[in-house]
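Geometric and topological summary
Letter by letter, the chains look like this.
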Amino acid sequence: MYNSEYDDLSFEEQLHLTESLIRRRHNQQMFLRRNAQLLQKELSFEAELLEDNPELAQTIHAFNMQEIQSNQQGLQNVLGSEELASKDQSVWSKFFPGLGG
């Protein structure tokens, strides 16, 4: 991979930049891999929690349905009157402030 920006640099400077790019890509890949592992653990934990607590699963489902309906109503308000829907319409934000932006 040739980069004309390297033309004015010495071999050592080019080598240092190349090594830095390789290190940065490696760190990004490690971060993404770790992030994916944590997400998988979180999803597994959530599935286990919901499986063990059917009432919780039903409550979350009901909240999500209310949130969808609220968002649809907000969208209809925006499309119909060109006004922005209020963030207070979030069902989740009523129970868990900060979550339902």
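No experiment lies behind these values; they were computed from the predicted model shown. Sequence order as written defines residue numbering, which begins from 1 separately in each chain. Local features in this predicted model are restricted to residues of pLDDT 70 or higher, and side-chain atom pairs are both shown and tallied only at a pLDDT of 80 or more, whereas totals for entire chains, interfaces and linings draw on every residue. Side-chain descriptors were evaluated using all non-hydrogen atoms of the structure, hydrogens and water having been removed beforehand.

The next point concerns the overall build of the protein. When its secondary structure is counted, the protein shows three helices and zero strands. Counting from the N terminus, the helices are the DSSP runs of H or I reaching at least four residues and the strands are the DSSP runs of E reaching at least two. Across the protein, helices and strands are ordered from the amino to the carboxyl terminus as α-α-α. Only protein chains enter the calculation, and the probe is 1.4 Å; a residue is then buried if its accessible area is under 20% of its type maximum, exposed if over 50%, and partly exposed in between. Looking at the 101 residues of the protein, the share that counts as buried comes to 9%. The contacts in the protein between residues at least 6 apart in sequence include a share of 28% that link residues at least 24 apart. By definition in these notes, contact holds between two residues if any of their heavy atoms fall within 4.5 Å.

A few words on a nonpolar patch on the surface. A contiguous nonpolar patch, built from Phe45, Leu49 and Leu56 and spanning about 270 Å² of accessible area, is present on the exposed surface. As for its placement among the helices and strands, Leu56 is situated in helix α2 (residues 54-81). Take Leu56: its relative accessible area is 33%, and that puts it in the partly exposed class. Patch criteria: residues need more than 30% relative accessible area and no salt bridge. Like-charged residues are merged within 9 Å; nonpolar side chains of Val, Leu, Ile, Met, Phe, Trp and Tyr are merged within 5 Å. Shrake-Rupley sampling with a 1.4 Å probe provides the accessible areas, and residues are treated as covered by the protein chains on show and by no other component. One side-chain nitrogen of Lys or Arg within 4 Å of one carboxyl oxygen of Asp or Glu is enough to make a salt bridge.

For the protein, the mean per-residue pLDDT works out to 81, and 72% of the residues sit at or above 70. At the low end of the mean pLDDT range in the protein sits helix α3 (residues 91-95), at 67; at the high end sits helix α1 (residues 11-52), at 93. One confidence number per residue, pLDDT, is output by the predictor and ranges from 0 to 100.

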